[in-house]
Amino acid sequence: MTPTLPDKTPSRRTKRQIVKQILQIAAIPVLTVAITVGIWAKVPRPEIPTAFRSVSEQLKAVADAVSKSPTRSSSSKTNSGSTQNNLNSMLQPGGLVTVGNASANPSIGRGNPKPNGSTADQKTLVSLGDSITFGFGLPGSTATQPSPEAFPFLLAKAEGMNAVDLGVAGWTSNDLLFAVRQPQFKSALQKASLVTIDIGSNDLLHASYIFLRPNTPLPPKNDMLDSSILRQAVNGFVTDLPKIIHTVQSDTQAPIVLINLYDPFPDGSSLHDIAEQAIAPANDAIWKIAAENGIPVVNAYSAFNHKQAVDVRLNDLDVHPTAAGQMVLARLIEQTLAKPKVSIPRLYAISNPGTLVYPTANFAANPIGWIRGNTGVIVTDIHKSDVQVLLPTGETGYVAPNNLTLLTRPWPGEVQFGGQQVPVRDGSITTYQPDQSAVSGNGFVWNKTVYMPLRVISKAVGGTFKENGSDRTISLETPLHSGLIQSSWAGVGNGSSAGGGKNVGKVNRSTGGSPTGSGSSGSSGSSGSSGSSGSSGSSGSSGSSGSSGSSGSSGSAGANTGSGGTSLVFSPMGPASDGSSGTGSQTANLVMSGWLLKIDGEATSLTHPIVGINGVLYAPAAAVWKALGGTVSHGTGGLLTLSANGS
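### Remarks on the overall build of the chain
Then step 1. Helices and strands together make up the secondary structure of the chain, namely 18 helices and 27 strands.
Then step 2. Every one of the 647 residues in the chain was classed for burial, and the buried ones make up 52%.
Then step 3. When contacts within the chain are restricted to residue pairs at least 6 apart in sequence, long-range pairs at least 24 apart make up 69% of them.
Then step 4. As presented, the chain carries roughly 27800 Å² of accessible surface, and 53% of it is formed by carbon and sulfur atoms.

### Quick notes on the nonpolar core
Across soluble globular proteins, nonpolar side chains have a tendency to be buried as a group.
Then step 1. Formed by 48 residues in total, the largest nonpolar core has its most connected members in Leu128, Leu176, Val195, Ile197 and Leu258.
Then step 2. With nine residues, helix H11 (residues 270-293) is the largest single contributor of residues to this core.
Then step 3. If we skip the residues at most four places from it in the chain, Ile197 touches Leu128, Leu176, Ile244, Ile245, Ile256, Val257, Leu258 and Ile259.

### Here's the deal with helix H5 (residues 151-159)
Then step 1. Where burial is concerned, most of H5 is hidden: seven out of the nine residues are buried.
Then step 2. Of the positions making up H5, those classed as buried are Phe151, Pro152, Phe153, Leu154, Leu155, Ala156 and Ala158.
Then step 3. Gly160 sits one or two positions beyond H5 and adopts a positive phi of about 70°.

### Some words on empty space enclosed by the protein
Then step 1. Throughout the structure, instances matching the rule amount to five cavities of 30 Å³ or more.
Then step 2. Looking at the second largest cavity, its volume works out to about 100 Å³.
Then step 3. Forming the boundary of the second largest cavity are 13 residues, of which Glu414, Trp595, Leu596, Leu597 and Thr604 lie nearest the centre.
Then step 4. Taken together, the residues that form the lining of the second largest cavity break down as nine nonpolar, two polar and two charged.

### Quick notes on the packing of helix H10 (residues 228-251) against H11
Then step 1. Where H10 contacts H11, the two axes come as close as 10 Å, and the packing angle between them is 25°. In terms of orientation, H10 and H11 fall into the roughly parallel class. For the crossing formed where H10 meets H11, the hand is right-handed. Across from Leu230, Val234, Phe237, Val238, Leu241, Pro242, Ile245, His246 and Gln249 in H10, the residues of H11 making contact are Ala278, Pro281, Ala282, Ala285, Ile286, Ile289 and Asn293.
Then step 2. Of the residues in the contact of H10 with H11, the class split is 13 nonpolar, three polar and no charged.

### Comments concerning the confidence of the model for the chain
Then step 1. Summing up the model confidence of the chain, the mean pLDDT is 75 and the portion of residues at 70 or higher is 64%.
Then step 2. Throughout residues 1-16 the model reports pLDDT below 50, and contacts reaching past four residues in sequence, or to other chains, amount to one contact.
Then step 3. Within the model, the stretch residues 39-80 combines pLDDT values under 50 with 72 contacts to residues more than four positions away or in other chains.

### Some details on the packing of aromatic side chains
Then step 1. In total, this model carries eight aromatic pairs according to the counting rule given.
Then step 2. Members of the aromatic cluster, each reached through a chain of ring pairs, are Phe444, Trp446, Tyr451 and Tyr618.

### Observations concerning the sheet that holds strand E10 (residues 387-390)
Then step 1. Ordered by their spatial adjacency, five strands build an open sheet running E11-E10-E9-E6-E12, and the pairing between neighbours is antiparallel. Edge positions in the sheet fall to strand E11 (396-399) and strand E12 (405-409), since each of these pairs with one other strand and no more. Each strand axis lies, on average, 45° off the axis of its neighbour in the sheet, ignoring direction.
Then step 2. Bridge count for strand E6 (residues 346-350) against E12 is five bridges, and the pairing is antiparallel. Directly across from Tyr348, in E12, lies its bridge partner Leu407.

### Some words on the pattern of salt bridges
Then step 1. Under the counting rule described, the total for this entry stands at six salt bridges.
Then step 2. With a closest N to O distance of 3.1 Å, Arg313 and Asp316 form a salt bridge.
Then step 3. For Asp316, a relative accessible area of 39% translates into the label partly exposed.
Then step 4. One salt bridge connects Asp318 with Arg313, and the closest N-O pair in it is separated by 2.2 Å. Accessibility assignment for this pair places Asp318 and Arg313 in one class, buried.
Then step 5. What emerges from the salt-bridge pattern is a single network uniting Arg313, Asp316 and Asp318.

### Regarding the sheet that holds strand E23 (residues 602-603)
Then step 1. Within the open sheet, the four strands sit side by side as E16-E17-E22-E23. Their pairing is mixed. Strands at the two margins of the open sheet, each flanked by one partner only, are strand E16 (464-468) and E23.
Then step 2. With five bridges joining them, E16 and strand E17 (residues 473-477) adopt antiparallel strand pairing. Bridge pairing in E17 links Glu467 to Ile474.

### Examining the side chain of Arg313
Then step 1. Relative to the helices and strands, Arg313 resides in the loop between helix H13 (308-311) and helix H14 (323-338).
Then step 2. Setting aside residues no more than four positions away along its own chain, Arg313 makes contact with Phe136, Gly137, Leu138, Asp318, His320, Pro321 and Thr322.

Here is what the cut-offs are and how they apply
All residue numbers refer to position in the chain's written sequence, counted from 1. Given that this is a predicted model, residues contribute local features only at a pLDDT of at least 70 and side-chain atom pairs are listed and counted only at 80 or more, while totals for whole chains, interfaces and linings are drawn from all residues. Side-chain measures were taken over the full set of non-hydrogen atoms in the model, leaving aside hydrogen atoms and water. Under the scheme used here, helices are H or I runs from DSSP no shorter than 4 residues and strands are E runs no shorter than 2 residues, and both carry numbers assigned from the N terminus. Each residue is placed in one exposure class: buried if its accessible area under a 1.4 Å probe, protein chains only, is under 20% of its type's maximum, exposed if it is over 50%, and partly exposed if it falls in between. Two residues qualify as a contact provided that any one of their heavy atoms is within 4.5 Å of a heavy atom in the partner residue. Only the protein chains shown count as covering a residue, and every accessible area follows the Shrake-Rupley method with a 1.4 Å probe. For this analysis, a nonpolar core means a set of buried residues of the types Ala, Val, Leu, Ile, Met, Phe, Trp, Tyr and Cys, connected via side-chain atoms within 4.5 Å. Two kinds of site are reported from a 1 Å grid over the protein atoms alone, namely cavities, where a 1.4 Å probe fits but cannot get out, and pockets, open sets with protein on both sides within 12 Å along at least five of seven lines, and residues are called lining when an atom falls within 4 Å of a point. Grid points are joined across faces, edges and corners, and a volume is the space filled by probe spheres set on the points. Note on residue classes: Ala, Val, Leu, Ile, Met, Phe, Trp, Tyr, Cys and Pro are nonpolar, Asp, Glu, Lys and Arg are charged, and everything else, Gly too, is polar. Fitting a line to C-alpha atoms yields each axis, with helices limited to the stretch in contact; the angle taken between N-to-C directions then spans 0 to 180 degrees. Oblique is the label for any angle not covered by the other classes, which are roughly parallel (under 35 degrees), roughly antiparallel (over 145) and roughly perpendicular (65 to 115). Take the far helix as your reference; a near helix turned counterclockwise from it by less than a right angle gives a left-handed crossing, and one turned clockwise gives a right-handed crossing. As a per-residue measure, pLDDT reflects the predictor's confidence and takes values from 0 up to 100. Any pair of Phe, Tyr and Trp rings, taking the six-membered ring for Trp, is counted once the centres come within 6.5 Å. Such a pair is stacked with planes under 30 degrees apart, edge-to-face with planes over 60 apart, and tilted for the rest. Two strands form a pair only when DSSP identifies at least two bridges running between them. The term salt bridge refers to a side-chain nitrogen of Lys or Arg lying within 4 Å of a carboxyl oxygen of Asp or Glu.

What follows is the structure, given as structure tokens:
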């Protein structure tokens, strides 16, 4: 019998889907150009911040006098003048300095500013920074008055503090360094109970203006830092930030919180790709400087990544946070204040050839320890002739700096060294792509966490994978540095409006429901009908025989491949879910060497350590997938589905 071929004539529904996909793809270059032109037209220029071009002409004499000061280099004279203009404008009535529990974000209540309404024993928040700290473009902001919806006021409201917002639109790290050395800022800092510093975005943005000019071609992929102008900007920031911190510390004993830089551009765009390459080295410097000074860091990059459509004012062709984005910053700082030690990066020392640890800095006494192989120790102080370390025994020792490599680790709780014999539970990994599927490797469950080989995850997302044994870093680079979101930014962060508000600490942020099209509930394989594309999800019916078996994972694939995405499904062996028993339970030798994963150049928090087995590196699969912008769903029997849908 001759088989009947299916009718391949596109239905009206299919035609609409095709047109929609074409429009989404075509929209990327159009949106990139629009955002580029918008930024070029609206973002403050390095000479004089846009928001302060209307400052009174009578201040020019002061600016000129400061710009001619012999203590400033010729390249910094213009910045000095504009900085002094801004400092003087702060002293005018209605200037930038706003004290007291001023009006706050509508989600936590709005009131009238009360500059003189603070009590004598009320603590004071002093926020230093640029237009992000200022709340540029948000309701209530003027040329000299920050928005009451800026994160300093949201945080102060939540913590019951006075807010002194010293953010200035357009400022670079060099501007802020000049400012904190002036009497006005020193006086404010001396009264501070808490200091936040968010600076550096304009260092990179001002250096990137050459690429934002109309009709200027963008540099090729991975060539951004070949620009001497941008490299100079990054180096200048790295030089200025420690000086800012030390100057602030000379005026106050209040704790300091640093905020790192986020990428404001939408996933899948050329601007996002380029910005990632510039922001990554700047954030690396922030982690290292914070570790050297014992200062906690708020990871704004991770919070905003893949969520720019919600947290950045893209609809206004603007790179600044929305009101929701400002709320994210306030919430992150509040979480950091609750557990500051967790957010303080730490330096570790390793030595591949091996080095001795001595009880004194002159290395005269008998050694008390040995650093080699997978051993790593905490660094407590650094000098030219020695490095002070803390041994696992609790003893303090000294090491010669030669043959020593220092590692910066943003999250010390995730860092472990040495080997462990532990019970694990084996399982198989199946990769599902449109019209095909294949077993792509094996994983295991340890401490109720599913681990997968990083190379398998990298291959699934079309990325490149590289291990650097000298500094124990793993690089996972994705196309356009956009993780799993590489085709269109329009769907990023789209969630059901039915989602309710979620209380986090004292700051309340309203969040949407689950992203559409995730098909996550289809992972049980019972019917697959819960996939985002209902018709193709029906293929999941083959999983009815059991979600923990291989056929059950096929049902998960039916739900996920319904919208054309790549999925990874982990199917554990045996009935146990904690790795302690079951047919797949065995003992494995896990080697931990303090590895750090960098996705698209950025340090990534995984909560649990990366481990090695027989030379293969495994990582907590769900944490890696979420950092890539994907969707994670857990099924019965330990089934784990990692889907690109809805990301």
